[in-house]
Amino acid sequence: MTIHAQNRAPSLKVDRSACAGHGLCYGAEPEIVDSDDQGYPVVVAEPVPEELRDQLGALVEMCPERALSVELPNSEG
């Protein structure tokens, strides 16, 4: 049952080709996003835990390059 719930959790996706490495995302939500050695975001909460999901919309909106998106699970499963 828990595995199915995790499979239906939203995921944060990073478009590395669009990202300019501003660091706003990992500065705002380090529980969800961290940075790699070059300063680009790396999602560390995959899937995003339920208690952090309310922050996803604001996190996506704050990216000046629109390099973040939320992938919603499909309804199958």
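Residues numbered from 1 in each chain as written. Predicted model: local features only at pLDDT ≥ 70, side-chain atom pairs only at ≥ 80, totals over all residues. Heavy atoms only, no water.

Details of the overall build of the chain
Tallying secondary structure elements over the chain gives three helices and four strands in all. In the chain, the succession of helices and strands from N to C terminus is α-β-α-β-β-α-β. By residue count, 27% of the 77 residues in the chain fall in the buried class. In the chain, the proportion of contacts linking residues at least 24 apart, taken out of those at least 6 apart, comes to 57%. Roughly 5100 Å² of accessible area belongs to the chain as shown, and the carbon and sulfur atoms make up 48% of that amount. (Helix = DSSP H or I, 4+ residues; strand = E, 2+ residues; numbered from the N terminus. Buried < 20%, exposed > 50% of the residue type's maximum accessible area, 1.4 Å probe, protein only. Contact = heavy atoms within 4.5 Å. Areas by Shrake-Rupley, 256 points an atom, 1.4 Å probe, with all protein chains shown as cover.)

Side note on the nonpolar core
The biggest cluster of nonpolar side chains holds 13 residues, and the ones touching the most others in it are Leu12, Ile32, Val33, Leu59 and Leu68. Ranked by residue count, the leading element in this core is helix α3 (residues 56-62), at three residues. Not counting residues up to four positions away in its chain, the partners in contact with isoleucine 32 are Leu12, Val42, Val43, Val44, Ala45, Val48, Leu52, Gln55, Leu56 and Leu59. (Core = buried A, V, L, I, M, F, W, Y, C linked by side-chain atoms within 4.5 Å.)

Description of the confidence of the model for the chain
Across the chain, pLDDT averages 89, with 87% of residues at or above 70. Within the model, the stretch residues 1-5 combines pLDDT values under 50 with one contact to residues more than four positions away or in other chains. (pLDDT = per-residue confidence, 0-100.)

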